[in-house]
Amino acid sequence: MAADQDAVNEIRRRNPQLKGAKFLTPAPGRPKVFVMSGALLGPTGYKATKDNVVSLQMSPDLIGSPFYPNNEPVQYESQSRRWNPSRNGLVGGGFVESFAFGGGAPEDLSNGWVTTAAPMEPFSLSKAVGVSSAGVSSVPLHGPFHGSLNPAKLSPRSDYWAIPSPQFEAESTSTYLLGDGGNIDNSGLLAMLQRGARRIVLVVSTGSALPDDVEFCKVPSLSPDVAKRLENQFQANFGFWDKDDIGEFLTRNQVFSKDELLPLLCQPQSLKRQGKPALAKRKLKVLPNSWWGIEGGYGVQLLVVYNEKCRDFESKLPKDTSDNLHAFFTSEFKRFPHYRIVFQNAGSGTALTHPQINLLAAMSEYFVRENAELFGSFLQR
């Protein structure tokens, strides 16, 4: 991968051996910043916990994790202390050009350009997509699995070395297990805050509907029990996620005050009950978060798009699609728009059918087109 054709030319100039290599670049005219979210779960043979898992951010130009969590090394506990002692390790600190990510650590860091050993294979677009959805990866890091029953064999991995600095010396390369963006940040919100974004459209692609039995516009406060019924990553950004389950390390993801969540939920619930797209626009104060390297203390404009049923959209569907959607037993669109992440369809682990995907995509487009003026003014420079 590379940012554009100019970047490809520069890479080939510095690396003549790549003259014949095929590069994939984003379509011209698209936004410059494009981040696919994954997770650095830890070196093979060590446990993943909230105290060592960090974001892996994969882009056409660069791949890595931009900051040292809490500005210090992390500790990795061995899965089997009999074979591996626990250890401290440096993780994060910056990025490597995507075409070189997964290669060996450089020996000389004194110059602006460094030479690394080439990766065994390029970190391709298909690998980035696979990593961003590799939910099974964190499972083997919680228990003793061996032999043919070891699900770690399904996990993507890559050689990795943290970016050194005057504060931290370079460390040798280790093989890391890579995980799903949902292991730590599915939405990309935190990656955008790391980059100093001041206006963010946050699409909450959730499988959980907004609770109908709570009047968000009337209750004086939001109880933790109600907050836990919201989408996991969304509630975690407001500090309501207080215990990490297997595979979700979200307790360090708070960037907004708990008090800000209830006012944000009033508008989308009201619009949903009117049959309209569930959206909310609000300015929130960003809290400091040293784990993510977010300084905080400033305001961010947030436009939240919540995946929720929309009567107006459904009323405009063709008759055959509408009949299928509302068929009680035979509908191909059961649970729409809150499809299951796994086993939505019998005999298929994670796949959705083309009609299921198309209906969800059509509703997403409808949400934007019905609010074109709002999106236009929100994103206008």
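Above this text you will find the structure in question.
Residues numbered from 1 in each chain as written. Predicted model: local features only at pLDDT ≥ 70, side-chain atom pairs only at ≥ 80, totals over all residues. Heavy atoms only, no water.

**Some remarks on the packing of aromatic side chains**
This model, assessed by the stated rule, comprises twelve aromatic pairs. Judged by centre distance (5.5 Å) and plane angle (70 degrees), the rings of F234 and F238 are edge-to-face. F238 carries the same exposure label as F234, and that label is buried. Each residue in the set Y46, Y76, F101, F123, Y160 and Y176 is aromatic and connected to the rest through ring pairs, giving one cluster. (Phe/Tyr/Trp six-rings, centres within 6.5 Å; stacked < 30°, edge-to-face > 60°. Buried < 20%, exposed > 50% of the residue type's maximum accessible area, 1.4 Å probe, protein only.)

**Observations regarding the pairing of strand β8 (residues 174-180)**
Where burial is concerned, most of β8 is hidden: six out of the seven residues are buried. Where strand β1 (residues 36-43) meets β8, five bridges bridge the pair, whose relative direction is antiparallel. Of the residues in β8, the one forming a bridge with A39 is G179. (Helix = DSSP H or I, 4+ residues; strand = E, 2+ residues; numbered from the N terminus. Pairing = 2+ DSSP bridges.)

**Observations regarding the sheet that holds strand β11 (residues 299-306)**
In space, the three strands of this open sheet follow the order β9-β11-β10, with mixed pairing throughout. Of all the strands in the sheet, the pair left with one neighbour each is β9 (199-204) and β10 (279-285). On average, each strand axis in the sheet is inclined to that of its neighbour by 25 degrees, with strand direction left out of account. Sheet analysis places β9 next to β11, joined by six bridges and oriented parallel. Considered in β11, the bridge of R199 is made with Q301. Of the strands in this sheet, β10 and β11 touch helix α6 (residues 261-273), which is tilted by about 175 degrees from β10. (Axes fitted to C-alpha atoms, helices over the stretch in contact; angles between N-to-C directions. Contact = heavy atoms within 4.5 Å.)

**With respect to the nonpolar core**
One finds L193, L222, F234 and F256 to be the most contacted residues of the largest nonpolar core, which totals 73 residues. Apart from residues lying up to four places away in sequence, F234 is in contact with L202, V204, L261, L264, L265, V304 and Y306. Membership of the second largest hydrophobic core comes to 16 residues, among which are L303, C310, F333 and F375. (Core = buried A, V, L, I, M, F, W, Y, C linked by side-chain atoms within 4.5 Å.)

**Describing the sheet that holds strand β7 (residues 157-160)**
Strand order in this open sheet of six strands is β6-β3-β2-β1-β8-β7, and the pairing throughout is antiparallel. Looking along the sheet, the strands with just one partner apiece sit at the ends: β6 (94-97) and β7. Across the sheet, the axes of successive neighbouring strands diverge by a mean angle of 35 degrees, strand direction being ignored.

**What about the layout of surface pockets?**
Space inside the second largest pocket adds up to approximately 780 Å³. Lining of the second largest pocket is provided by 32 residues; of these, N15, E97, F99, A100 and T116 occupy positions nearest its centre. Looking at the lining of the second largest pocket, the element that brings in the most residues is β6, giving three residues. (1 Å grid on protein atoms, 1.4 Å probe; cavity = no way out; pocket = protein on both sides within 12 Å on 5 of 7 lines; lining within 4 Å. Points joined across faces, edges and corners; volume = space filled by probe spheres on them.)

**A closer look at the state of the cysteines**
Inspection of the entire model under this criterion finds one disulfide. Between C217 and C266 runs a disulfide, and the two sulfur atoms are separated by 1.9 Å. Classification of the bridge connecting C217 and C266 rests on its S-S torsion, roughly 100 degrees, and on that basis the disulfide is right-handed. Here C217 is found in the loop between β9 and α4 (224-227), whereas its partner C266 is found in helix α6, with 49 residues between them in sequence. The class for C217 is partly exposed, based on a relative accessible area of 40%. (Disulfide = S-S within 2.5 Å.)

Spatial relationships are all this shows, so hold off on functional conclusions.
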